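Letter by letter, the chains look like this.
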Amino acid sequence: MSSPLRFIYSCIFYLITPLLLLKLWRRGAKAPAYRQRISERFGFPSKVSPSRPLWVHAVSVGETVAIAPVLKKLMAKHPQLPILITTSTPTGADRVAKIFAEFPQVWHQYCPYDQPAAVANFIGKQQPLGLLIVETELWPNMLAQCKRKQVPVVLANARMSEKSARGYRKLASLTQDMLNQLTLLIAQYERDAQRFVELGLSEDKLRVSGSIKFDADEDPTLDERAAALGAQIGSRKVVILGSSHESEEQGVLQLMPALWEQYPDLLLIIVPRHPERFDHVAQLAAQYSDRVGRRSSQASFENLQIYIGDTMGELKLLYSVADLAIVGGSFVPLGGQSPIEPASLGKGVLMGPQQFNFSVICPELENAGALQSCEDYSQIALHLTALLASDVQVREMGSKAQQYCLAQQGATNMLLEEIDKVLLVENSAHSR
């Protein structure tokens, strides 16, 4: 039976359906993929596996990249297991296609909107063995329908910032219902775990593993490609602004004229978080320099001051050729994008004050001497000026970052054990 709050929530979701369609259509003007496969978002799958799949929901790119090593190890153990990955964004869909191109048993669909009929139809058609949710994507009807259909649910790599917890507390009864419908929750850290318990999660459903993002999928070609790209850049100093959001590019770009006076050969690489902003960021960069190149046009690095990383799936490569990384999403109220990727590559990290998505990792990186927090862009300028004057300090910062990341590995193995125990072994009927 639907709780009163979930009933109201569902009614509102149905009422805003025209707005959801309008939003897809408007986004599709810049990113045409938003206008494709719309029926999947309403629970009508474009493909149904002949045998019951493991359903994995990874909302977008970061979650897809994080779960990829886990799924590849899982498939090595269960080579016949079909895996359906749902995302909410086309960039996530694109990353699924690229990462799992050599795995025909993996396919992508858009996650159905959290409307009772859409979710029920989706689950009824796919009949998943279990649902693995990456990080904290809690949807009332998704979880309620899974419980109704006896589909076990594991929430993996879960995190809960204090800011997010305050939001969930405002809907305390709905939040407690959702948490009680989980079969198992694997939190990143004790602080996250405690917040879930305070919100109503039963402790017997809780494990703590650390973050799976430290167990990154190894790319055997990365070193070779990074060396080739680094040779093109030469001996210049390189600063990258990775996964940047609206206003962050301008905040960093306005610092560059003064930095170029001190370091004339300094190259700034900008990689916007969302591909629909690539053109806008390139136009913005042109207001600060007439020496702007774009990755998509294979621009030569000769005489460039700004390089726009406007291709998909190459952020790690571009981090690899930088000396220092400014991580985006940290100067806007989004909680920061992940500092783990540049840190694991041995790059010193600079971030703005918005770090609540990584409220454990950022302070630990800072205490390790691998990250510098900046209250505003002027502090970014001060830190960059000091660091670029000392190659030794830059190398030490990068070395400490890599050492910290290596010490945090191991969460993947725990998650694999729990997937086997909770989602596969107890539901091992692989035929419909």
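Conventions we followed
- Residues numbered from 1 in each chain as written.
- Predicted model: local features only at pLDDT ≥ 70, side-chain atom pairs only at ≥ 80, totals over all residues.
- Heavy atoms only, no water.
- Helix = DSSP H or I, 4+ residues; strand = E, 2+ residues; numbered from the N terminus.
- Expected span 1.5 Å × (residues − 1).
- Buried < 20%, exposed > 50% of the residue type's maximum accessible area, 1.4 Å probe, protein only.
- Arc of directions from axis to C-beta.
- Axes fitted to C-alpha atoms, helices over the stretch in contact; angles between N-to-C directions.
- Parallel < 35°, antiparallel > 145°, perpendicular 65-115°, else oblique.
- Left-handed = near helix turned anticlockwise from the far one by under 90°.
- Contact = heavy atoms within 4.5 Å.
- Nonpolar A, V, L, I, M, F, W, Y, C, P; charged D, E, K, R; others polar.
- Core = buried A, V, L, I, M, F, W, Y, C linked by side-chain atoms within 4.5 Å.
- Lys, Arg positive; Asp, Glu negative; His and termini not counted.
- Salt bridge = Lys/Arg side-chain N within 4 Å of Asp/Glu carboxyl O.
- Polar contact = N/O pair within 3.5 Å; in protein donor to acceptor, adjacent residues only side chain to side chain.
- 1 Å grid on protein atoms, 1.4 Å probe; cavity = no way out; pocket = protein on both sides within 12 Å on 5 of 7 lines; lining within 4 Å.
- Points joined across faces, edges and corners; volume = space filled by probe spheres on them.
- Phe/Tyr/Trp six-rings, centres within 6.5 Å; stacked < 30°, edge-to-face > 60°.
- Lys NZ or Arg CZ within 6 Å of the ring centre and 35° of its normal.

Next up on the list: helix α17 (residues 377-388). Here α17 contains twelve residues, and its C-alpha end-to-end distance of 16 Å stays within 8% of the 16 Å for a straight helix at 1.5 Å per residue. Tyr377, Ile380, Ala381, Leu384, Leu387 and Leu388 are the residues of α17 that are buried. The buried residues of α17 occupy one face: seen down the axis, they fall within an arc of 140°.

So, about the packing of helix α1 (residues 4-15) against helix α6 (residues 140-148). One way to put it is that α1 packs onto α6 with a least axis distance of 10 Å and a crossing angle of 120°. In terms of their interaxial angle, α1 and α6 are classed as oblique. Our pair here, α1 against α6, has a crossing hand that is left-handed. Of α6, the residues touching α1 (which contributes Arg6, Tyr9 and Ser10) are Pro140, Asn141 and Ala144. Partitioning the contact of α1 with α6 into residue classes produces three nonpolar, two polar and one charged.

A separate point is the nonpolar core. Among the nonpolar cores identified, the biggest contains 37 residues, and Ile240, Leu267, Ile269, Tyr307 and Ile361 are the most heavily contacted of them. In this structure, Ile361 is in contact with Gln188, Tyr189, Ser211, Phe214, Pro339, Ile340 and Tyr404, ignoring residues within four places of it in sequence. In this structure, Leu54, Phe100, Leu132 and Leu416 belong to the second largest nonpolar core, which totals 32 residues.

So, about the side chain of Glu248. Relative to the assigned elements, Glu248 resides in helix α11 (residues 248-253). The buried charged residue Glu248 lacks any salt bridge, with Arg277 as its nearest oppositely charged partner at 7.1 Å. What Glu248 contacts, discounting residues up to four positions off in sequence, is Leu241, Ser243, Gly328, Gly329, Ser330, Phe331, Val332 and Tyr377.

Time to look at the side chain of Gln355. With respect to the helices, strands and loops of the structure, Gln355 is situated in the loop between β13 (348-351) and α16 (361-367). Taking the relative accessible area as the measure of exposure, Gln355 reaches 12% and is therefore buried. In this structure the side chain of Gln355 is engaged in a polar contact, spanning 2.9 Å, whose partner is the side chain of Ser373.

This brings us to empty space enclosed by the protein. Here the structure, examined in full by the defined rule, presents one cavity of 30 Å³ or more. The computed volume of the largest cavity comes to approximately 50 Å³. If you go around the largest cavity, the residues you meet are Arg159, Gln188, Tyr189, Asp192, Asn357, Phe358, Ser359, Val360 and Ile361. Considered class by class, the residues forming the lining of the largest cavity number four nonpolar, three polar and two charged.

Here the second largest pocket is characterised by a volume of approximately 250 Å³. As for the second largest pocket, its lining consists of 14 residues, of which Glu218, Lys316, Ser344, Leu345 and Gln402 are closest to the centre. Of all the elements in the fold, those that place two or more residues in the lining of the second largest pocket are α10 (222-233) and α18 (391-407). Ranked by residues supplied to the lining of the second largest pocket, first place goes to α18 with three residues. Its residues assigned to classes, the lining of the second largest pocket comprises six nonpolar, three polar and five charged.

In the Ramachandran plot, Arg37 falls in the positive-phi region, its phi being about 55° despite a non-glycine side chain. The residue Arg37 is located in the loop between α2 (17-28) and β1 (54-57) in this model. A relative accessible area of 34% means that Arg37 is categorised as partly exposed. At Ser243, a residue that is not glycine, the phi angle is positive and equals roughly 55°.

A separate point is the packing of aromatic side chains. Following the criterion strictly, the structure yields eight aromatic pairs and no others. Arranged with centres 6.2 Å apart and planes meeting at 70°, the rings of Phe100 and Phe103 form a pair that is edge-to-face. Given the relative accessible area of 23%, Phe103 is considered partly exposed. Chaining the aromatic ring pairs together yields one cluster made of Tyr9, Phe13, Phe42 and Tyr113. Positioned above the aromatic ring of Trp25 is the side chain of Arg35, whose terminal nitrogen or guanidinium carbon lies 4.0 Å from the ring centre. Positioned over the ring face of Phe358 is Arg159, at 5.4 Å from the centre of the ring.

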